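Read off the chains here:
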Amino acid sequence: MGTTEQVDLLIIGAGTAGLPAAIEAARHGLKVTVLEQADQTGGTLWRSWAQLSAGGTELQRARGIDDSPAQHFADVMRISKGTADPTLVRLAVEHAPHTVDWLVSAGFDMDPDAPAILYFHEPYSLPRTYWGRRAGRSVLEVLLPRFERACEDGAVTLHLNTTMTALRTDGANRVAGVTATGPGGEVIEIDAASVVLTTGGYSGNARLFPELTGGAPLVGPGAPTSTGTGLLAALELGAKTRGGDLFLPTYGGVLLPDSPTRTVPLDDYPQLTPQARPPWEIHVNARGERFVAEDSASVDVRETALLDQPDLRFWVVYDEAARRKAPPLLPSWTEAELDDAFATHPSFSRADTLAELAELAGVDPEGLRTSVEEYNAGVAAGNDRFGRAHLPLPIEQPPFHAVRNHGSTLKSPAGLVVDENLRVVGPAGPIENLYAAGEALGGSTLSGKSFVSGMSVTPALSFGRLLGRRLAGADQGSV
Ligand SMILES: Cc1cc2nc3c(=O)[nH]c(=O)nc-3n(C[C@H](O)[C@H](O)[C@H](O)COP(=O)(O)OP(=O)(O)OC[C@H]3O[C@@H](n4cnc5c(N)ncnc54)[C@H](O)[C@@H]3O)c2cc1C
């Protein structure tokens, strides 16, 4: 790439939203340039579960499931308790079935159990969640060959290891191009008729996360490429943000042994979904107190209770009888890996007495002793003070175990305000020529202060496709 260049459409970030934007724009005849800071395309899809949601798909019809975008919309607003953005949710759910149908027609390797009602997030009222057999990689198996073909055809020019550092205006409320840093550290200026920010979120940036999220700590499995630099560049132009006050942690997650912020991959989280595995353990905070019915059918109830606990931390406490009799708490871990974790991992503690366990884990011993006593009395009486129904065994047989968990982050809540045409909004209204899609819009925009199944990946794909078509002059409808 030269030091200055003039392009029609410049897409910043080749991930979940950026790839389909480029594919669609190229398919409709536009020359596209894509900047990607990493040394590969794909963004968060390499690690995302990429569960999708859509109401009114061909797959649902084939299974006799009567669903529609209107029902999907109503469910999103119910689950988010009205905190999601209704305009963008409506746009997302209207396009969602087309996105899923498109993936299927393109050979998406759909899991045979989909669509289903899943319980990791608050459940939909209908089977409306879809996922590929290789999670995000199944989505990439559709996107990457199409993107690479567009690159080979010359319709898309991809620059890897190239980071957009600033957006430039022409003095008016209009973006004229970007400044970027190339693979060798060289500064590059690119003029563009339109710029699309598909730079993702900021859940890989532990310093920025609390700044944009009301002080909430970052702990999670986010991609290191989720740096938030696209958001920061737009903020420099005066772009408005929203959603930083809508943080809700995912219930649980174990840190990597050597990191204060990064968790093990999502597949290696403890199984804390009661619909999948009723709990044999209790969950206590740093004071040693229980704070919720561990088997509450509503994950929203458990996540909201966790929000009030010190440092969003809790310990899953159990005894030897549960270790032997219960289904595995950490299903993907072998016995050898667990033994090693209890010997060396700072989040795993094991001891012969509850007092010793509390000491090792960093939990108040008196609080823990009281909580276990009360829980055991509840098990004996069949009446738990938190209303927990699954009370299989008392916690009384040493050694005792504690696994520290955190309220974790799968997506960053805050993002750019956009209008109904996905134009980024600045102090003087929509900024001309500047669009955004994906998690750059804020993970809370389409889910509010909750998690709504599929409402990150599906809209990222849909809005990316929509922008690609629209900016190429196709699809003159709304966006
Ligand atoms: C473990 C995990 C599981 C998840 N599971 C689900 C799920 O099941 N369903 C769901 O809906 N959502 C899920 N999510 C969230 C969802 O995957 C993301 O919100 C979505 O993939 C983000 O897409 P995106 O296009 O906005 O960003 P990304 O896919 O992250 O792409 C952004 C790209 O932009 C690049 N970039 C960033 N800044 C710059 C810059 N300045 N210059 C150049 N390039 C830049 C990045 O390197 C990256 O490649 C999950 C997230 C995680 C972490």
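These numbers come from a predicted model, not from an experiment.

1. Things to note about the overall build of the protein chain
1) Next: The secondary structure content of the protein chain amounts to 13 helices and 17 strands.
2) Next: Expected size for 479 residues packed as a compact globule is a radius of gyration near 23 Å; at 24 Å, the protein chain falls within 12% of this value.
3) Next: Oriented by its inertia axes, the alpha-carbon framework of the protein chain measures out at about 70 × 50 × 40 Å.
4) Next: When the 479 residues of the protein chain are sorted by exposure, 58% land in the buried category.
5) Next: Partitioning the intrachain contacts of the protein chain with sequence separation of at least 6 by distance along the chain shows that 71% fall at a separation of at least 24.
6) Next: Accessible surface, the protein chain: about 18,300 Å² in total, of which carbon and sulfur atoms supply 51%.
7) Next: Charge separation in the protein chain, taken as the distance between the mean sites of 39 positive and 58 negative side-chain charges, equals 4 Å.

2. Things to note about the pattern of salt bridges
1) Next: Scanning all chains against the criterion turns up 29 salt bridges.
2) Next: Here Arg 287 makes a salt bridge to Glu 289, at a shortest N to O gap of 2.9 Å.
3) Next: The class of Arg 287 is partly exposed, set by a relative accessible area of 41%.
4) Next: By relative accessible area, Glu 289 is classed as partly exposed at 34%.
5) Next: Of the charged contacts in the structure, one is a salt bridge between Arg 369 and Glu 366, with a shortest N-O distance of 2.5 Å. Within this pair, Arg 369 and its partner Glu 366 are both found in helix α12 (residues 365-381), separated by three residues, close to a single helical turn.
6) Next: Here Arg 369 falls in the partly exposed class, since its relative accessible area comes to 36%.
7) Next: Salt bridges here are not isolated pairs; linked through shared partners, they connect Glu 24, Arg 27, Arg 465 and Arg 469.

3. What about the environment of Phe 291?
1) Next: Locating Phe 291 in the fold gives a position in the loop between β11 (282-284) and α8 (299-306).
2) Next: Once the C-alpha coordinates of Phe 291 and Leu 306 are considered, the two residues, 15 residues apart in sequence, prove to be 7.7 Å apart.
3) Next: Once residues within four sequence positions are removed from consideration, Phe 291 is found in contact with Tyr 251, His 283, Val 284, Asn 285, Ala 305, Leu 306, Gln 309, Phe 314 and Phe 386.

4. Some points on the domain arrangement of the protein chain
1) Next: As assigned here, the protein chain comprises domain 1 (4-243 + 411-471) and domain 2 (250-408).
2) Next: With both sides pooled, the region where domain 1 packs onto domain 2 buries about 1,700 Å², and carbon together with sulfur makes up 56% of that total.
3) Next: On inspection of domain 1 and its partner domain 2, the count reaches one salt bridge.
4) Next: Of the charged contacts in the structure, one is a salt bridge between Lys 81 and Asp 300, with a shortest N-O distance of 2.3 Å.
5) Next: At the surface where domain 1 touches domain 2, the tally comes to eight residue pairs in polar contact (both at pLDDT 80 or more).
6) Next: Split into classes, the residues belonging to the side of domain 1 that touches domain 2 amount to 11 nonpolar, five polar and four charged.

5. Considerations on the UniProt feature "domain: FAD-dependent oxidoreductase 2 FAD-binding" (unreviewed entry) in the protein chain
1) Next: Here, UniProt's "domain: FAD-dependent oxidoreductase 2 FAD-binding" (unreviewed entry) annotation points to residues 8-443.
2) Next: Helix makes up 29% of residues 8-443 and strand 19%, and the two end C-alpha atoms of the span are 29 Å apart.

6. Quick word on the packing of helix α4 (residues 86-105) against helix α13 (residues 457-471)
1) Next: Remark: α4 packs on α13, axes separated minimally by 8 Å, with the N-to-C direction vectors making an angle of 90°. Of the possible angle classes, the one that applies to α4 and α13 is roughly perpendicular. Residues Leu 88, Leu 91, Ala 92, His 95, Ala 96, His 98, Thr 99, Trp 102 and Leu 103 of α4 form the contact with α13, whose own contacting residues are Thr 458, Pro 459, Leu 461, Ser 462, Phe 463, Arg 465, Leu 466 and Arg 469.
2) Next: Here the residues of the contact of α4 with α13 sort into 10 nonpolar, five polar and two charged.

7. Remarks on the packing of helix α1 (residues 18-27) against helix α5 (residues 136-152)
1) Next: Close contact between α1 and α5 brings their axes to 9 Å; oriented N to C, the two are set at 45°. By the angle class used here, α1 and α5 are oblique. The two elements α1 and α5 cross, and the hand of that crossing is left-handed. Across the interface between the two elements, Leu 19, Pro 20, Ala 22, Ile 23 and Ala 26 from α1 touch Leu 140, Leu 143, Leu 144, Arg 146, Phe 147 and Ala 150 from α5.
2) Next: Its residues assigned to classes, the contact of α1 with α5 shows 10 nonpolar, no polar and one charged.

Cut-off values and rules
Residues numbered from 1 in each chain as written. Predicted model: local features only at pLDDT ≥ 70, side-chain atom pairs only at ≥ 80, totals over all residues. Heavy atoms only, no water. Helix = DSSP H or I, 4+ residues; strand = E, 2+ residues; numbered from the N terminus. Rg over C-alpha atoms; globule rule 2.2 N^0.38 Å. Buried < 20%, exposed > 50% of the residue type's maximum accessible area, 1.4 Å probe, protein only. Contact = heavy atoms within 4.5 Å. Areas by Shrake-Rupley, 256 points an atom, 1.4 Å probe, with all protein chains shown as cover. Lys, Arg positive; Asp, Glu negative; His and termini not counted. Charge placed at Lys NZ, Arg CZ, Asp CG, Glu CD. Salt bridge = Lys/Arg side-chain N within 4 Å of Asp/Glu carboxyl O. Domains from an automatic or database assignment. Buried area = accessible area lost by both parts, 1.4 Å probe. Polar contact = N/O pair within 3.5 Å; in protein donor to acceptor, adjacent residues only side chain to side chain. Nonpolar A, V, L, I, M, F, W, Y, C, P; charged D, E, K, R; others polar. UniProt positions renumbered as here; feature names shortened; annotations may be inferred. Axes fitted to C-alpha atoms, helices over the stretch in contact; angles between N-to-C directions. Parallel < 35°, antiparallel > 145°, perpendicular 65-115°, else oblique. Left-handed = near helix turned anticlockwise from the far one by under 90°.

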